[in-house]
Amino acid sequence: MSSKTGLACIILDLMNTIMYGEDRFGPEQDYLATYRAMGGRICDAHELNEIIAGLLQNLEADYRDESRHTVKPAWWHLNRLLAREHPGIAEKTTERIALNLTFAWHETGYIDKDVAHALRRLSHSYSIVILSNLWGAPFFCERIIRKLELSECFQARLYSSEWQLKKPHTAFYGAALKKVGGEPANTIVVGDDWRLDIAPAKELGMESIWLDRGRNLDGSDQLVLQDLPAVADYLCAPPAHS
């Protein structure tokens, strides 16, 4: 397969770009069943809902704070929350692990077969790195990637919870470029969030593809496509012959 002239690297968003059905949080979610499956025993449904809601509130505040390019992972916020409001749980390692895994499970989505096929096509022509504002542990995301045999599609996978950097700050994008051996001039960013994906790409002088999800950009010259299979069709198309 051929690549677009001059492009060698792709920085891919994760949620709503590769993975769908994520962020399963809210009062309708059965956190208790997940927590029990992860080995948790102490919390009842009410206490568990309070913990998850408090954790989400703290994480949202941390990620909204654009004065810093750094961020703390979910486990750090959880430990602080438990020490302050649930000291009996905070001192039990197995309970902290179960709560961390519960949060990570509900943050994780799925990768459908069309997206998996698109990733394989793109990986034949480009170096690909995932760059994601993933709040919790990437355990389940990584398990899905391995199960679908997609690990070799990526040169790197950078999660904010591990790197403690966050989008849209360009330091996180710089880390991705360094990891994949790319330069702004030969890298394209693909994502669905204008503020987190497209704006920093433009700031760094990188090309970008916005997955618009039906949104309108009248008057803009931004390249807009529907989903990752469409991105693969575009970036892997054979060069036009004059």
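What you see is a predicted model; the values in this text were computed from it and never measured. (Residues numbered from 1 in each chain as written. Predicted model: local features only at pLDDT ≥ 70, side-chain atom pairs only at ≥ 80, totals over all residues. Heavy atoms only, no water.)

Novice: What is the right way to read the pattern of salt bridges from this model?
Specialist: For side chains of opposite charge, pairing can occur when their charged atoms come near one another. What the rule picks out here adds up to eight salt bridges. In this structure, Arg-68 engages Asp-65 in a salt bridge whose closest nitrogen and oxygen atoms are separated by 3.2 Å. Overlapping salt bridges bring together Asp-13, Lys-167 and Asp-197 as one network. (Salt bridge = Lys/Arg side-chain N within 4 Å of Asp/Glu carboxyl O.)

Novice: Would you mind showing me how to read the nonpolar core here?
Specialist: When a protein is soluble and globular, its nonpolar side chains tend to lie buried together. One finds Ile-10, Ile-18, Leu-119, Leu-122, Phe-154, Leu-228 and Leu-235 to be the most contacted residues of the largest nonpolar core, which totals 34 residues. Elements with a minimum of two residues in this core: β1 (9-12), α6 (113-123), β2 (127-132), α7 (139-147), β4 (187-191), β5 (207-211) and α11 (228-235). Here this core gets five residues from one element, more than from any other, and that element is α6. In contact with Leu-119, not counting residues within four places along its chain, are Leu-12, Ile-18, Ile-128, Leu-150, Cys-153, Phe-154 and Leu-228. One finds Phe-25, Ile-52, Ala-90 and Trp-135 within the second-largest nonpolar core, a separate group that totals 22 residues. (Core = buried A, V, L, I, M, F, W, Y, C linked by side-chain atoms within 4.5 Å. Buried < 20%, exposed > 50% of the residue type's maximum accessible area, 1.4 Å probe, protein only. Helix = DSSP H or I, 4+ residues; strand = E, 2+ residues; numbered from the N terminus. Contact = heavy atoms within 4.5 Å.)

Novice: Where do I start with unusual backbone geometry in this structure?
Specialist: Most peptide bonds adopt trans geometry, and most residues besides glycine take a negative phi value. Of the consecutive residues Lys-167 and Pro-168, the connecting peptide bond is found in the cis state with omega at 10 degrees. Structurally, Pro-168 can be placed in the loop between α8 (160-163) and α9 (170-180). Positive phi, close to 55 degrees, is recorded for Asp-23, a residue that is not glycine. Relative to the assigned elements, Asp-23 resides in the loop between β1 and α1 (31-37). For Asp-23, a relative accessible area of 43% gives the class partly exposed.

Novice: How do you make sense of the packing of aromatic side chains when you look at a structure like this?
Specialist: The geometry of two aromatic rings is summed up by the distance between their centres and the angle between their planes. Across all of its chains, the model carries five aromatic pairs by this definition. With 5.4 Å between their ring centres and 85 degrees between their planes, Trp-194 and Trp-210 make a pair best called edge-to-face. In this pair, Trp-194 sits in helix α10 (residues 194-204) while Trp-210 sits in strand β5, placing the two residues 16 residues apart along the sequence. Residue Trp-194 is classed as partly exposed on the basis of its relative accessible area, which comes to 32%. An aromatic cluster of three or more residues is present, and its members are Trp-105, Phe-139 and Phe-140. Over the face of the ring belonging to Trp-76 we find Lys-72, whose NZ or CZ atom lies 5.2 Å from the ring centre. (Phe/Tyr/Trp six-rings, centres within 6.5 Å; stacked < 30°, edge-to-face > 60°. Lys NZ or Arg CZ within 6 Å of the ring centre and 35° of its normal.)

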